[in-house]
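Structural overview
Below, each chain spelled out in residue letters.
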Amino acid sequence: MHGVVGFGKGKIVASDMKNPNIGRGTRNICIGKRGCESYVKGDPDDPLPLGETWLS
């Protein structure tokens, strides 16, 4: 897994992480308490509905 984190007031307030080891790869973006995850298109294990690219 690799990515970047953003800090504010001495703590992590945002992150953008990529993990190429799950299926064909995932990307997770978190800002505050909200997070979203994206799966690489064409992954047979993709849990997203057809036409959707991000899971909140």
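Our structure is the block above this text.
First, a word on scope: everything that follows refers to the structure included in this document. These numbers come from a predicted model, not from an experiment.

Definitions and limits used
Residues numbered from 1 in each chain as written. Predicted model: local features only at pLDDT ≥ 70, side-chain atom pairs only at ≥ 80, totals over all residues. Heavy atoms only, no water. Helix = DSSP H or I, 4+ residues; strand = E, 2+ residues; numbered from the N terminus. Contact = heavy atoms within 4.5 Å. Areas by Shrake-Rupley, 256 points an atom, 1.4 Å probe, with all protein chains shown as cover. Pairing = 2+ DSSP bridges. Buried < 20%, exposed > 50% of the residue type's maximum accessible area, 1.4 Å probe, protein only.

Below, the discussion takes up the overall build of the chain. In terms of helices and strands, the chain carries zero helices and five strands. Traced from its N-terminal end to its C-terminal end, the chain shows the element sequence β-β-β-β-β. Taking as baseline every contact in the chain between residues at least 6 positions apart, the subset at least 24 positions apart corresponds to 4%. Total accessible area on the chain is roughly 4,400 Å²; 57% of this is exposed by carbon and sulfur atoms.

Sheet strands line up and pair through hydrogen bonds in the backbone, either parallel or antiparallel. Spatially, the five strands line up as an open sheet ordered β1-β2-β3-β4-β5, and their pairing is antiparallel. Looking at the sheet topology across the chains shown, the edges are occupied by β1 (2-8) and β5 (54-55).

Right, let's talk about the side chain of Ser38 for a bit. Of note, Ser38 is situated in strand β4 (residues 34-39). In this structure Ser38 comes out as buried when scored by relative accessible area, which is 15%.

It is worth spelling out the pairing of β4 at this point. Pairing between strand β3 (residues 26-31) and β4: six bridges, direction antiparallel. Bridge pairing links Ile31 to Arg34 in β4. Here β4 runs beside β5; their pairing, made up of two bridges, is antiparallel. The residue bridging Ser38 from the neighbouring strand is Trp54, located in β5.

Residue placement: Thr26 occurs in strand β3. Of the residues examined, Thr26 reaches a relative accessible area of 7% and is grouped as buried. Sequence-wise, Thr26 and Tyr39 are 13 residues apart; in three dimensions their C-alpha atoms are separated by 4.6 Å. In this view, Thr26 contacts Met17, Lys18, Asn19, Glu37, Ser38 and Tyr39; residues no more than four positions away in its chain are not counted.

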